[in-house]
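Here are the chains, one letter per residue:
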Amino acid sequence: MALLSDDIQFHLKIKDGDVGKYAILPGDPGRVPAIAKYLDNAEFVASNREFTTYTGYLLGEKVSVSSTGIGGPSAAIAVEELIRCGVHTFIRVGTSGGMDIKVSGGDLVIASASIRSEGTSKEYIPPEYPAAADYEVVSALKAAGDGLSENIDGRRCHVGVVHSKDSFYGEIEPEKMPVSYSLCNNWDAYVKCGCLTSEMESAAIFSVAQARRVRAGAVFTALWNVERTKAGLSDTVCMDSDRAIRAAVEAIKILIERDRENGV
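Residues numbered from 1 in each chain as written. Predicted model: local features only at pLDDT ≥ 70, side-chain atom pairs only at ≥ 80, totals over all residues. Heavy atoms only, no water.

Trainee: Run through the packing of helix 3 (residues 135–147) against helix 8 (residues 242–261), naming residues and quoting values.
Mentor: In contact at an axis separation of 8 Å, helix 3 and helix 8 are set at 125° when each is read in the N-to-C sense. Classed by the angle they form, the pair helix 3 and helix 8 counts as oblique. For the pair helix 3 and helix 8, the crossing hand works out as right-handed. Contacts between helix 3 and helix 8 involve Glu-136, Val-137, Ser-139, Ala-140, Leu-141, Ala-143, Ala-144 and Gly-145 from the first element and Ala-247, Ala-248, Glu-250, Ala-251, Ile-254, Leu-255 and Arg-258 from the second. The residue makeup of the contact of helix 3 with helix 8, split by class, is 10 nonpolar, two polar and three charged. (Axes fitted to C-alpha atoms, helices over the stretch in contact; angles between N-to-C directions. Helix = DSSP H or I, 4+ residues; strand = E, 2+ residues; numbered from the N terminus. Parallel < 35°, antiparallel > 145°, perpendicular 65-115°, else oblique. Left-handed = near helix turned anticlockwise from the far one by under 90°. Contact = heavy atoms within 4.5 Å. Nonpolar A, V, L, I, M, F, W, Y, C, P; charged D, E, K, R; others polar.)

Written out as structure tokens, the structure is:
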């Protein structure tokens, strides 16, 4: 018996017809039902390991929500298996740690591209090739995010480059790592280049999407910003991801309408 089946995907335990062409990707499986509440007639599809999937409708179009777990390897698996079942548009929604001092806790950050400080993308695209978000998805997220934002700390919406890494504690406590010299120097360089925030999945998701010629984007809630603290600036800790979730849902609606107009 073959390990991989054409009927049921090995990890997500989904099959053709279970998911729509559009998918929202949180990391936490516990967040899937909360996001699915924004869909019409959402129903549980499958759950296995870190992967939980629900499917419902937006504007009459089938849309799915599927968790990816933490980090690039599991995120890449989720995207691969969702593509095999017909998904062509992905929006990652999650949390992050701010880097540029203009990003405050609670702000939305929409990724235009991701720094590839992780390992998964290396197995999909050449080292010189950028992990870039799809322009149409970025545009839809920007329109949605702007409509949910204000020009005050904790309510702004930013678009730019983000950072993806494999080690959460390598970011939080880099000085405790044997390779602290590399982690700290790279972090400082990324900050000087204007990198907005740091997270753990977008580089892998963008790279898989580019390799498989589908669309992907990402929107994050900045939980806090250590660089603002270092600079003596005020900052807050925000654990509420609802605005990012609503931005992802509204962006999917925008993309559905645009795709219909373009006959996609």
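Moving on from the model shown.
Trainee: Give me the pattern of salt bridges: which residues, what numbers.
Mentor: In total, this model carries 16 salt bridges according to the counting rule given. Across the salt bridge formed by Glu-150 and Arg-155, the nearest N and O atoms sit 3.3 Å from each other. Overall, the relative accessible area of 43% leaves Glu-150 in the partly exposed class. Look at Arg-155 and you get partly exposed, because its relative accessible area is 30%. Across the pair Lys-165 and Glu-171 runs a salt bridge, and its minimum N-O distance is 2.3 Å. Accessibility expressed as a relative area gives 15% for Glu-171, which makes it buried. Ionic contacts of the salt-bridge type, sharing partners, join the residues Asp-153, Arg-156, Arg-228 and Asp-235 into one network. (Salt bridge = Lys/Arg side-chain N within 4 Å of Asp/Glu carboxyl O. Buried < 20%, exposed > 50% of the residue type's maximum accessible area, 1.4 Å probe, protein only.)

Trainee: For the packing of helix 2 (residues 72–84) against helix 6 (residues 202–212), give the residues involved together with the corresponding values.
Mentor: Interaxial distance between helix 2 and helix 6 falls to 8 Å at its minimum, and their mutual angle equals 35°. Considering how the two elements wind past one another, helix 2 and helix 6 form a crossing that is right-handed. Judged by residue contacts, Gly-72, Ala-75, Ala-76, Val-79, Glu-80 and Ile-83 of helix 2 engage Ala-204, Ile-205, Val-208 and Arg-212 from helix 6. Of the residues belonging to the contact of helix 2 with helix 6, the class tally is seven nonpolar, one polar and two charged.

Trainee: Describe the environment of Gln-9, naming the residues involved and giving the relevant values.
Mentor: Looking at the element boundaries, Gln-9 is found in the segment before strand 1 (22–25). Sequence separation of Gln-9 and Leu-82 is 73 residues, and the distance between their C-alpha atoms is 8.6 Å. When near neighbours in sequence (up to four residues on either side) are disregarded, Gln-9 contacts Ile-14, Glu-81, Arg-84 and Cys-85.

Trainee: So what's going on with the nonpolar core? Which residues, and what values?
Mentor: As a rule of thumb, nonpolar side chains are buried together in soluble globular proteins. Core analysis: the largest hydrophobic core is formed by 64 residues, its most contacted members being Phe-90 and Ile-91. Element by element, the count of residues in this core is highest for helix 8, at 10 residues. When near neighbours in sequence (up to four residues on either side) are disregarded, Phe-90 contacts Ala-23, Leu-25, Val-79, Leu-82, Ile-83, Val-137, Val-214, Arg-215, Ala-216 and Gly-217. Counting residues in each nonpolar core, the second largest holds five residues, with Met-99, Trp-187, Tyr-190 and Cys-195 among its members. (Core = buried A, V, L, I, M, F, W, Y, C linked by side-chain atoms within 4.5 Å.)

No statement about biological role is implied by the geometric values presented.
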